[in-house]
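# Fold and contact review
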Amino acid sequence: MPRLTAGARHRVAFTLNGKPVSLDAEPRLLATDALRQQLGATGTHVGCEHGACGACTIQIDGEPARACLTLAVQLEGRDVRTVEGLAPAADRLSVLQATFRRHHALQCGFCTAGILISLDAFLRTSPNPDEQELREVVGGHLCRCTGYTAIVAAALDAAATLRGEPASSVNRDPVHV
Ligand code: FES
Ligand code: FES
């Protein structure tokens, strides 16, 4: 990374959800603010602002990262994905988004973008996860609404669907556990 000067603005160019973007950023500008305020990617939520809640999780080069602990200048040259980039088309949900919907795995939705981003990255490298592994993934995210049971069921269902197996019929009731 080039030497940065406090107060100066630096051109930062990277890929956001498959499209090249750039912005001018002071060295202290957080990735959350750059994404939300300069690039309009408001699906990345801001909760605790110190790495604890997981609401701001994005993917950087395919790995989950806390955007509130990332400087915008650190995105230079990287491949960034936010929740806006999960669906294959504007009128289609990703497999994981569809199972979240089917299992009623969200309520207020504040945590959901971060959880989807983490699970999406995990399922790409772990196509056959067990419940405990998925609980560890979502354990990095605070959800005050759901109790996590439906989230884990949705993730198990998504994994099965991505493996080409029939969708689970469990936990489809519209009431959270
Ligand atoms: S806002 Fe980044 S972890 Fe909570
Ligand atoms: S659905 Fe409300 S915080 Fe998770």
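Since we're looking at a predicted model, the values are computed, not measured. Throughout this document, residue positions are counted from 1 along each chain, in the order its sequence is written. Working convention: letters from A go to chains and numbers from 1 go to ligands, in the order in which they are written. For this predicted model, a pLDDT threshold of at least 70 governs which residues receive local features, and a threshold of 80 or more governs which side-chain atom pairs are given and counted, while totals over whole chains, interfaces and linings are taken from all residues. Values reported for side chains reflect all heavy atoms of the structure, with hydrogen atoms and water molecules removed beforehand.

## So, the packing of helix H3 (residues 112–125) against helix H4 (residues 131–138)
Our working rule: The axes are straight lines fitted to the C-alpha atoms, using for helices just the contacting stretch, and the angles between their N-to-C directions are given from 0 to 180°. Where helices and strands are cited, they refer to DSSP runs of H or I of at least four residues and of E of at least two residues respectively, numbered from the N terminus. Any angle between 65 and 115 degrees counts as roughly perpendicular, while under 35 counts as roughly parallel, over 145 as roughly antiparallel, and the rest as oblique. Helix crossings are classified by the rotation of the near helix relative to the far one: an anticlockwise turn of less than a right angle makes the crossing left-handed, while a clockwise turn makes it right-handed. Contacts between residues were defined by any pair of non-hydrogen atoms, one from each residue, lying within 4.5 Å. Here the term charged refers only to Asp, Glu, Lys and Arg, the term nonpolar to Ala, Val, Leu, Ile, Met, Phe, Trp, Tyr, Cys and Pro, and the term polar to all other amino acids, Gly among them.
Across the interface, H3 lies against H4 with an axial gap of 10 Å and an inter-helix angle of 135°. In terms of orientation, H3 lies oblique with respect to H4. Where H3 crosses over H4, the handedness of that crossing is right-handed. Only Glu133, Leu134, Val137 and Val138 of H4 make contact with H3, whose side of the interface consists of Ile115, Ser118, Leu119, Phe122 and Leu123. The residue makeup of the contact of H3 with H4, split by class, is seven nonpolar, one polar and one charged.

## Describing the confidence of the model for the chain
Reading predicted coordinates in detail is not appropriate for stretches of low pLDDT. The cut-off we apply is this: The predictor attaches a confidence to each residue, and that confidence, scored 0 to 100, is pLDDT.
Looking at the chain as a whole, its pLDDT mean stands at 92, while 91% of the residues score no less than 70. Contacts for the low-pLDDT stretch residues 171–177, under 50 throughout, to residues beyond four places or in other chains number 16 contacts.

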